[in-house]
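# Examination of the molecular architecture
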Amino acid sequence: MNIIAILAALGLEQWHAFHWRVAMEGLFIRYARGVERKLNDGTPQHGLVATLATVAPPAVLAAVVFLALDAAHPLLGLLWNVAALYLLSPDDNSTRQPA
């Protein structure tokens, strides 16, 4: 089912790309930089904590939503996977500045 989700997300990306994803990416970058400012003190251990604090909450939330939807009906879990992959796929037309 994961390959179906990947293919569906790629097909949606080719068919219609949302332009507001760049704004969502900007929000996450601001969030990540805020966490880095507060938790990263320059040592590798602090960098690891900052990385985990930035990546873990969205990943756990996505996993919990998937498990709940998949328990309700497997097609709902598949649709969640497609939506997540579609929203997180890179936008070729974005004008990202290096960090």
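An account of the accompanying structure is given in this report. Every chain's residues receive numbers from 1 upward, in the order its sequence appears when written. Given that the model is predicted, a residue must reach a pLDDT of at least 70 before its local features are reported, and side-chain atom pairs must reach 80 or more before they are shown or counted; all residues, however, enter totals for whole chains, interfaces and linings. Calculated side-chain values reflect all of the structure's heavy atoms, with hydrogen atoms and water omitted.

## Brief notes about the packing of helix α2 (residues 21-39) against helix α3 (residues 44-72)
Spelled out, the test is: Whenever a helix is involved, its axis is fitted only over the stretch in contact; in every case the axis is a line through C-alpha atoms, and angles between N-to-C directions fall within 0 to 180 degrees. For helices the rule is a DSSP run of H or I covering at least 4 residues; for strands it is a run of E covering at least 2, with both sets numbered from the N terminus onward. Crossing handedness: left-handed means the near helix sits turned counterclockwise from the far one by under a right angle, and right-handed means the same turn made clockwise. Contacts were defined at the residue level, with two residues in contact if any of their heavy atoms lie within 4.5 Å.
One can describe the packing of α2 onto α3 by two numbers: an axis separation of 9 Å at closest approach and a directional angle of 145 degrees. For the pair α2 and α3, the crossing hand works out as right-handed. Within the contact between the two elements, α2 uses Phe-28, Tyr-31, Ala-32, Val-35, Glu-36 and Leu-39 and α3 uses His-46, Val-49, Ala-50, Ala-53, Thr-54, Pro-57 and Pro-58.

## Observations regarding the environment of Ile-4
Put simply, the test is: Residue exposure (1.4 Å probe, protein chains only): buried if accessible area is under 20% of the type maximum, exposed if over 50%, otherwise partly exposed.
Residue position: Ile-4 is located in helix α1 (residues 2-15). According to the relative accessible area criterion, Ile-4 is partly exposed, its value standing at 47%. C-alpha of Ile-4 to C-alpha of Asn-81: the two residues are 77 residues apart in sequence and 9.4 Å apart in space.

## Comments concerning α3
Let me state the cut-off plainly: A helix is expected to span 1.5 Å for every residue after the first. Bend is computed residue by residue as the angle between axes fitted to the seven residues ending at the residue and the seven residues starting at it.
For α3, spanning 29 residues, the distance from its first C-alpha to its last is 41 Å, which sits close to the expected 42 Å at 1.5 Å a residue. The largest bend in α3 comes to about 30 degrees, at Ala-56, with the proline Pro-57 one to four residues further on.

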